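Residues per chain are reported as follows:
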Amino acid sequence: MKHKKWILLSSIICLIFVFAGWVSWTLFSSGNSAEPINSNTSSNPGTKIEEKSEDFSEEIVNKPAKEEIVVFSGSDFENGHDFIEVFHDFYNTTLCWGRVETADYKDQQEKALRIVEAFKGIKIKDKRLSEDFISIENTAKQVIESEDRDAMIKLHRLFHDLDIYFNGYSKDDTFGVTEYKGI
């Protein structure tokens, strides 16, 4: 009789652990997603693409913007294309694929400072792009002031979408967070 009670108790404990693991996985995997959404599917930046296209063609979806739209003075960047590409690569490397919660805050803060510094003396000849750069600057200031993981995610999403729209990627999976949608 004791043996049957022990087996029943062990089974119940195992089921509790399995259920707790499933609940934890469900809660943590649905939160701060770094996956882009398809701009045609939804405008909610937290929504993931449910079906990804298997078409990996090199057809240009967005044409690169002209270099003279963004002019830096007193910055390391030659043009807006380089600026967007450098920071998008940084955020892909440091935040994507589950790295948001373990990202080094000091490293994120230094990049945010670099963003704010680059904007000194910048000239932008497109109103929508200017609004996005203001959003980038304000979000970077949030990261400078506090360890705001949501602000880090927002910076990645802004640079991701601008890399697609401004730099002219062949894919069109965006988070839908930018005003600038290409020319």
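1. A few points about the confidence of the model for the protein
No. 1: Overall, the prediction assigns the protein a mean pLDDT of 80, with 73% of residues at 70 or greater.
No. 2: Highest mean pLDDT in the protein belongs to helix H4 (residues 127-145) (97); lowest belongs to strand S1 (residues 37-38) (43).
No. 3: Below pLDDT 50 for its whole length, residues 29-35 participates in 13 contacts with residues either more than four positions away or in separate chains.
No. 4: Low pLDDT, under 50, characterises residues 37-57; the stretch is placed with 30 contacts to residues that sit more than four places away or in other chains.

2. Describing the pattern of salt bridges
No. 1: For the coordinates displayed, the defined rule picks out five salt bridges.
No. 2: For the salt bridge of Arg114 with Asp76, the shortest nitrogen-to-oxygen distance reads 3.7 Å. Of the two residues, Arg114 is situated in helix H3 (residues 105-118) and Asp76 in the loop between strand S2 (70-71) and helix H2 (80-95); the sequence distance between them amounts to 38 residues.
No. 3: According to the relative accessible area criterion, Arg114 is partly exposed, its value standing at 29%.
No. 4: The class of Asp76 is exposed, set by a relative accessible area of 64%.
No. 5: In this structure, the salt-bridge partner of Lys141 is Glu137, at a minimum N-O distance of 3.9 Å. Taken together, the residues span about one helical turn, with Lys141 and Glu137 both in helix H4 at a distance of four residues.
No. 6: A relative accessible area of 34% places Lys141 in the partly exposed class.

3. Focus on the environment of Phe90
No. 1: For Phe90, the location among the structural elements is in helix H2.
No. 2: Given a relative accessible area of 11%, Phe90 falls into the buried group.
No. 3: Residues Phe90 and Lys111, spaced 21 residues apart in sequence, show a C-alpha to C-alpha distance of 8.6 Å.
No. 4: Setting aside anything within four residues of it in sequence, one finds Phe90 in contact with Asp107, Gln108 and Lys111.

4. A closer look at a nonpolar patch on the surface
No. 1: Side chains of Trp6, Ile7, Leu9, Ile13 and Phe17 sit close together on the surface and give an oily, nonpolar patch of about 560 Å² of accessible area.
No. 2: Within the fold, Trp6 resides in helix H1 (residues 2-29).

5. Some remarks on the nonpolar core
No. 1: With 35 residues, the main nonpolar core has Phe83, Ile115, Phe133, Ile136 and Phe159 as its most contacted residues.
No. 2: Going through the elements one at a time, H2, H3, H4 and helix H5 (149-165) are the ones with two or more residues in this core.
No. 3: In terms of residues, this core owes the most to one element, H5, which gives nine residues.
No. 4: Non-local contacts of Phe83, meaning those with residues more than four positions away in its chain, are made with Phe72, Phe77, Ile115, Ala118, Phe119, Phe133 and Phe159.

6. As for H2
No. 1: Here H2 is 16 residues long and its end C-alpha atoms lie 22 Å apart, about the 22 Å a rise of 1.5 Å per residue gives.
No. 2: Those residues of H2 lying buried are Gly80, His81, Phe83, Ile84, Phe87, His88, Phe90, Tyr91, Thr94 and Leu95.
No. 3: Summarising the contacts, the buried residues of H2 are in contact with S2, H3, H4 and H5.
No. 4: Its side-chain oxygen at 3.0 Å from the backbone nitrogen of His81, Asn79 defines the N-terminal cap of H2.
No. 5: One or two steps after H2, the chain reaches Trp97, where phi turns positive at roughly 60°.

7. Topic: the packing of aromatic side chains
No. 1: Scanning the entire structure with this criterion turns up 13 aromatic pairs.
No. 2: On the basis of an interplanar angle of 40° and a centroid distance of 5.7 Å, the ring pair of Phe83 and Phe133 is categorised as tilted. Taken together, the residues Phe83 in helix H2 and Phe133 in helix H4 connect sequence positions 50 residues apart.
No. 3: Judged by relative accessible area, Phe83 falls into the buried class, the value being 0%.

8. So, the packing of H2 against H5
No. 1: At a closest axis distance of 9 Å, the pairing of H2 and H5 adopts a crossing angle of 135°. Compared by their axis directions, H2 and H5 come out oblique. Relative to H5, H2 is oriented so that their crossing is left-handed. Of the residues in H5, those touching H2 at Phe83, Ile84, Glu85, Phe87, His88, Tyr91, Asn92 and Leu95 are Met152, Ile153, Leu155, His156, Phe159, His160, Leu162 and Asp163.
No. 2: Residues of the contact of H2 with H5, tallied by class, amount to 10 nonpolar, four polar and two charged.

About the criteria used
- Residues numbered from 1 in each chain as written.
- Predicted model: local features only at pLDDT ≥ 70, side-chain atom pairs only at ≥ 80, totals over all residues.
- Heavy atoms only, no water.
- pLDDT = per-residue confidence, 0-100.
- Helix = DSSP H or I, 4+ residues; strand = E, 2+ residues; numbered from the N terminus.
- Contact = heavy atoms within 4.5 Å.
- Salt bridge = Lys/Arg side-chain N within 4 Å of Asp/Glu carboxyl O.
- Buried < 20%, exposed > 50% of the residue type's maximum accessible area, 1.4 Å probe, protein only.
- Patch = residues over 30% accessible without salt bridge, like charges linked within 9 Å, V, L, I, M, F, W, Y side chains within 5 Å.
- Areas by Shrake-Rupley, 256 points an atom, 1.4 Å probe, with all protein chains shown as cover.
- Core = buried A, V, L, I, M, F, W, Y, C linked by side-chain atoms within 4.5 Å.
- Expected span 1.5 Å × (residues − 1).
- Polar contact = N/O pair within 3.5 Å; in protein donor to acceptor, adjacent residues only side chain to side chain.
- Phe/Tyr/Trp six-rings, centres within 6.5 Å; stacked < 30°, edge-to-face > 60°.
- Axes fitted to C-alpha atoms, helices over the stretch in contact; angles between N-to-C directions.
- Parallel < 35°, antiparallel > 145°, perpendicular 65-115°, else oblique.
- Left-handed = near helix turned anticlockwise from the far one by under 90°.
- Nonpolar A, V, L, I, M, F, W, Y, C, P; charged D, E, K, R; others polar.

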